[in-house]
Each structure stands twice: as structure tokens, then as C-alpha cells.
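# Overview (structure and organization)
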Amino acid sequence: MARNESLVALNGTQISYIGHDCTDIPDFLGDTYGQFARRLDLSFNLLRSLAGLNMFTVLEELVVDNNLLGNDLLLPRLPNLHTLTLNKNQLTDIEALLEHLADVTPSLVYLSLLGNEACPNQLVSPDNDEDDYQRYRYFVLHKLPQLKFLDTRKVTQKEMMEAQARGAFMKVVKPKSEAPPNETGSESHPLPYTPLPRGSRDAKNHKGVFAKCRYIYYGKHSEGNRFIRNDQL
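Residues numbered from 1 in each chain as written. Predicted model: local features only at pLDDT ≥ 70, side-chain atom pairs only at ≥ 80, totals over all residues. Heavy atoms only, no water.

Turning next to the overall build of the chain. When helices and strands are counted, the chain shows 6 helices and 8 strands. When the 233 residues of the chain are sorted by exposure, 36% land in the buried category. In the chain, 45% of the contacts between residues at least 6 apart in sequence involve partners at least 24 apart. Taken as a whole, the chain presents about 15200 Å² of accessible surface, with 53% of it coming from carbon and sulfur. (Helix = DSSP H or I, 4+ residues; strand = E, 2+ residues; numbered from the N terminus. Buried < 20%, exposed > 50% of the residue type's maximum accessible area, 1.4 Å probe, protein only. Contact = heavy atoms within 4.5 Å. Areas by Shrake-Rupley, 256 points an atom, 1.4 Å probe, with all protein chains shown as cover.)

Right, dumping it as C-alpha cells:
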């Protein structure tokens, strides 16, 4: 026990257990500090679960950045928790996460999800832009209207009004990328018939198509008849 406690940074009611590659919250943390810890930092570990967090009955701030937490994340009811940072984990389902937080963290006013796929900013992918991120903010604020601070920015009154009016429709959904070609190089889902040559249908190697037209209009009122050569009559 003494050896484990030597790995803990203790500052009053603030507990830090950072960078020890633990996959679960060690039991001794809850047994030793759970009754009085108000801030708990478990960053830079290998956490896939927060089981054992129920031992921290008066927790107000929880920092679990740089772990392996995914969509199966479950928190106990933490009525006093006002700050939660989940930066750089493996969260992708924003709606399920927000509904869970709304249920178990009623006092939450500060939330940060940067570095997760669920938070569509350029830290995750350069394909994301400011519009994607702003829509995400509206959606989060629609689900958690008590938030005062989201990620790195304070929530504005204008954002809250937009979230109340249209936030329910602001969930950011990216289209799935197309499946890669199979090993033979052929398309896994062939395109429907088209009269154009295959080379003209390749979006990555598009080529113009030129050909001679063999059809001539022979209607007697056609102006084109003026240009029909004798050998075509």
C-alpha cells in the first residue's frame, strides 16, 4: 500500500495518479482518498473503464485525458461533478455520451472532448472545419443546456439561443468513405451500364472522350442538309 501511495500526488483534496499505465482505477485510490477527494486526475494511463469511480462520493472535478475510454463509458451518478475533461480518448458516439452525462452529472458546467472523433475539429481530422465544430457545439448545448464552458471556449448567449432553436438538428454526421477496390483491382460494386468507356468513368484518372458521330439527320427541313456532301446522299 505504501508503495502505491508513493505514486500519488496529493494536494489537499486534489488527487493525481498520472502516467502509470493502469487499465482500471486502482482500488486503493478509492479506499484511501474516495471520501474526501474533490479533484481526481487520471490522465495518461490506459483506462478503458471508470469502474471504481463510485467510491469518490464528493468528486467535483474529473480529468481523464489521454486514455482509451470508448463508447461503452459508464460513470456513476456524480451529483457534485461540475468539471469533466475527456480529451484524447476513443469516443465516437456523441449523442449516447451526452445523454449519459445528462443523466449522471446534473451539475456539469465544464466539459472538454477535444481529440475524440466525437468532437469534429481539426485535432481529429483536417477534413473538419469550423462549421462542423460549431454545429457540434450547438448539438452539445442542446443536450446539456447548463454548460458554461465547452472545450476551449466559453459558451455565449448567442450559442445558447441557437442551440435551443436548432441544436437538435445539428448533429454532425460524415458520409462513410467508399470501400477500397478488391485485390483484383475491380470495383466491389460495379457501376450501372453507361455508354462511356471505362477510362472516362475513373474519377481519379478522368480522360476526355472524343469520337466521330455516325448519325446524320435526313429530315427534309433540316438546315444540316445544306452541309451533306454528295458522297453521303
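For the pair helix α4 (residues 130-143) and helix α5 (residues 157-166), the least separation of the axes is 8 Å and the interaxial angle reads 75°. Our classification of the angle between α4 and α5 gives roughly perpendicular. Across the interface between the two elements, Gln134, Arg137, Tyr138, Leu141 and His142 from α4 touch Glu159, Met160, Glu162 and Ala163 from α5. Of the residues contributing to the contact of α4 with α5, the split by class is 4 nonpolar, 2 polar and 3 charged. (Axes fitted to C-alpha atoms, helices over the stretch in contact; angles between N-to-C directions. Parallel < 35°, antiparallel > 145°, perpendicular 65-115°, else oblique. Nonpolar A, V, L, I, M, F, W, Y, C, P; charged D, E, K, R; others polar.)

Compared with an ideal rise of 1.5 Å per residue, which puts 14 residues at 20 Å, α4 spans 20 Å between its outermost C-alpha atoms and is within 8% of the ideal. Those residues of α4 that fall on the buried side of the exposure criterion are Asp132, Tyr133, Gln134, Tyr136, Arg137, Tyr138, Phe139, Val140 and Leu141. Along its buried surface, α4 packs onto α3 (94-104), β6 (110-112), β7 (149-150), β8 (153-154) and α5. (Expected span 1.5 Å × (residues − 1).)

This paragraph deals with the confidence of the model for the chain. This prediction gives the chain a mean pLDDT of 79; 69% of its residues lie at or above 70. Contacts for the low-pLDDT stretch residues 175-179, under 50 throughout, to residues beyond four places or in other chains number 1 contact. (pLDDT = per-residue confidence, 0-100.)

Next up on the list: the sheet that holds β6. Strand order in this open sheet of 8 strands is β1-β2-β3-β4-β5-β6-β7-β8, and the pairing throughout is mixed. Edge positions in the sheet fall to β1 (9-11) and β8, since each of these pairs with one other strand and no more. Sheet topology note: the β7/β8 ladder contains 2 bridges and is antiparallel. Within β8, the position partnered with Phe149 by the bridge is Lys154. (Pairing = 2+ DSSP bridges.)

Most peptide bonds take the trans configuration, and most residues that are not glycine carry a negative phi. At Asn66, a position not held by glycine, the phi torsion is positive, near 55°. Tracing the chain through its elements places Asn66 in the loop between β4 (61-63) and β5 (83-85). Exposure remark for Asn66: the relative accessible area of 22% places this residue in the partly exposed category. One non-glycine residue, Lys88, lies in positive phi territory at about 55°. Looking at the element boundaries, Lys88 is found in the loop between β5 and α3.

Time to look at the pattern of salt bridges. Considering all chains together, one arrives at 9 salt bridges under this definition. Its salt-bridge partner being Arg135, residue Asp132 comes within 2.5 Å of it at the nearest N-O pair. With Asp132 and Arg135 both in helix α4, this residue pair falls 3 residues apart, about one helical turn. Residue classification places Asp132 among the buried positions, given a relative accessible area of 3%. For Arg135, a relative accessible area of 31% translates into the label partly exposed. (Salt bridge = Lys/Arg side-chain N within 4 Å of Asp/Glu carboxyl O.)

A few words on the packing of α3 against α4. Closest axis-to-axis distance for the α3/α4 pair is 9 Å, and the angle between their directions is 30°. One finds that α3 runs roughly parallel with respect to α4. For the element pair α3 and α4, the recorded crossing hand is right-handed. Across from Ile94, Glu95, Leu98, Glu99 and Ala102 in α3, the residues of α4 making contact are Tyr136, Phe139, Val140 and Lys143. (Left-handed = near helix turned anticlockwise from the far one by under 90°.)

Structurally, Tyr138 can be placed in helix α4. Judged by relative accessible area, Tyr138 falls into the buried class, the value being 14%.

A few words on α3. For an α-helix, the turn length of 3.6 residues means that residues three or four places apart are oriented alike. Regarding α3, the residues found buried are Ile94, Leu97, Leu98, His100, Leu101 and Val104. For α3, the angular spread of the buried residues around the axis is 160°, confining them to a single face. Where α3 begins, one side-chain oxygen reaches toward the backbone nitrogen of Glu95, 3.4 Å away; that side chain belongs to Asp93. (Arc of directions from axis to C-beta. Polar contact = N/O pair within 3.5 Å; in protein donor to acceptor, adjacent residues only side chain to side chain.)

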